[in-house]
Amino acid sequence: MNNEDIEFVIKQMTASAGIKGDMMFSDNKIAFKGKGISIVVFEDDFARCRSFLKVGNEYAGFLASVESSEPIHVANVIQQSLSTRDKMASCINALKDEGWDASVHGCSEYASTILVSNGNRSAVLHIPYGDGVVVYGKNYKSVANTLARCGIIEDCRKDSFDSRHIHKFI
């Protein structure tokens, strides 16, 4: 593990995202903690990045990891975590503009699920991988149609994925 290269990548990726924070070093890892992000790169070839999004009074987390400490893989993990967070933020903001409320529904190992509701209608959003959002629940069609109308996901009438609840980002 080349600490200087990894430190450079972390500084570049966080600076380009407008994130300030502190770098910490130990014998077997490099860590970065900043507002809304945590990055750890272990000497024994493992890197992870967890980014956070404030939803109401709680934080949703989005994890990406790789069994490598190569600088290019560290950069990819950071980009993937931040991209997933930003895509969820886009979904939430579009739905809020249409009168939906959002809250953290639950957390898995990799990504939080978000409950959206509008009166007696509700659905859940989850981004299990970077190119699509899963929308499920009784009113998933209403939420998916809103996201499609806002230009965030493909038109729901298209078979954008192999399930009617998974929708591809535009």
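Residues numbered from 1 in each chain as written. Predicted model: local features only at pLDDT ≥ 70, side-chain atom pairs only at ≥ 80, totals over all residues. Heavy atoms only, no water.

As for the nonpolar core
Going by this rule: Note on terminology: a nonpolar core comprises buried Ala, Val, Leu, Ile, Met, Phe, Trp, Tyr and Cys residues joined through side-chain atoms within 4.5 Å. Working definition: with a 1.4 Å probe on protein chains only, accessible area under 20% of the residue-type maximum means buried, over 50% means exposed, and in between means partly exposed. Strands are runs of DSSP state E lasting at least 2 residues, helices are runs of H or I lasting at least 4, and numbering of each runs from the N terminus. Residues count as neighbours in contact if any of their non-hydrogen atoms are within 4.5 Å of one another.
Within the largest apolar cluster, 29 residues are counted, with the highest numbers of intra-cluster contacts made by Ile 114, Val 116, Leu 125, Val 143 and Leu 147. Of all elements in the fold, only β4 (46-55), β5 (58-66), α2 (71-97), β6 (101-107), β7 (112-118), β8 (121-129), β9 (132-136) and α3 (140-149) reach the threshold of two or more residues within this core. Residue contributions to this core peak at six residues, all from α2. In this structure, Val 116 is in contact with Leu 95, Trp 100, Asp 101, Ala 102, Arg 121, Ser 122, Ala 123, Leu 125 and Val 143, ignoring residues within four places of it in sequence. Grouped together as the second largest cluster of nonpolar side chains are 18 residues, Val 9, Met 23, Ile 39 and Ala 75 included.

Examining the pattern of salt bridges
Quick reminder of the rule: Every case where a carboxyl oxygen of Asp or Glu lies within 4 Å of a side-chain nitrogen of Lys or Arg is listed as a salt bridge.
Across all of its chains, the model carries three salt bridges by this definition. We note a salt bridge from Glu 7 to Lys 11, for which the minimum N-O separation is 3.0 Å. Note that Glu 7 and Lys 11 are positioned in helix α1 (residues 3-16) at a spacing of four residues, about one turn of the helix. Given the relative accessible area of 43%, Lys 11 is considered partly exposed.

Some points on α3
What α3 keeps buried is the set Tyr 140, Val 143, Ala 144, Thr 146, Leu 147 and Ala 148. Looking one or two residues past α3, Gly 151 carries a phi angle of roughly 80°, positive in sign.

Considering the pairing of strand β1 (residues 21-25)
To keep things clear, this is the line we draw: Two strands are said to pair when DSSP picks up at least two bridges between them.
Of the pairings in the sheet, the one linking β1 to strand β2 (residues 29-34) comprises five bridges and is antiparallel in character. Of the residues in β2, the one forming a bridge with Met 23 is Phe 32. What sits between β1 and β2 in their antiparallel hairpin is a turn of three residues.

Topic: the sheet that holds strand β10 (residues 166-168)
Within a sheet, each strand pairs with its neighbour through backbone hydrogen bonds, oriented either parallel or antiparallel. Using the following cut-off: Interaxial angles span 0 to 180 degrees and are taken between N-to-C directions of axes, which are lines fitted to C-alpha atoms, for helices over the stretch in contact.
Strand order across the open sheet formed by five strands is β6-β7-β8-β9-β10, with antiparallel pairing between neighbours. Looking at the sheet topology across the chains shown, the edges are occupied by β6 and β10. The average angle at which neighbouring strand axes cross in this sheet is 30°, direction not considered. The pairing of β6 with β7 spans six bridges and is classified as antiparallel.

Description of a negative patch on the surface
Selection rule: Patch rule: a residue counts if its relative accessible area is over 30% and it has no salt bridge; like charges are joined within 9 Å, and nonpolar side chains (Val, Leu, Ile, Met, Phe, Trp, Tyr) within 5 Å. Surface exposure here means Shrake-Rupley accessible area, sampled with a 1.4 Å probe, where a residue is shielded only by the protein chains that are shown. Working convention for charge: Lys and Arg count positive, Asp and Glu count negative, and His plus the chain ends are omitted. Charged side chains are reduced to one point each, which is NZ for Lys, CZ for Arg, CG for Asp and CD for Glu.
Residues Asp 27, Glu 43, Asp 44, Asp 45, Glu 67 and Glu 70 make up a contiguous surface patch of negative charge. Mapped onto the fold, Glu 43 is located in the loop between β3 (37-42) and β4.

Points about the sheet that holds β3
Pairing in this open sheet of five strands is antiparallel, and the strands run β1-β2-β3-β4-β5 from one edge to the other. Of all the strands in the sheet, just β1 and β5 have a single pairing partner and so form its edges. The average angle at which neighbouring strand axes cross in this sheet is 10°, direction not considered. As paired strands, β3 and β4 are joined by six bridges and run antiparallel to one another. Residue Ile 39 lies in a different strand from β4, and its bridge partner there is Cys 49. Sheet strands touched by α1: β1, β2 and β3. Its angle to β2, the strand with the most contacts, is close to 15°. Sheet strands touched by α2: β3, β4 and β5. Its angle to β4, the strand with the most contacts, is close to 20°.

Notes on the state of the cysteines
We count it as follows: When the sulfur atoms of two cysteines come within 2.5 Å, that pair is taken as a disulfide.
Enumeration according to the criterion identifies zero disulfides in this entry. Here Cys 150 is not cross-linked by a disulfide; its sulfur's nearest cysteine counterpart is in Cys 91, at 9.6 Å.

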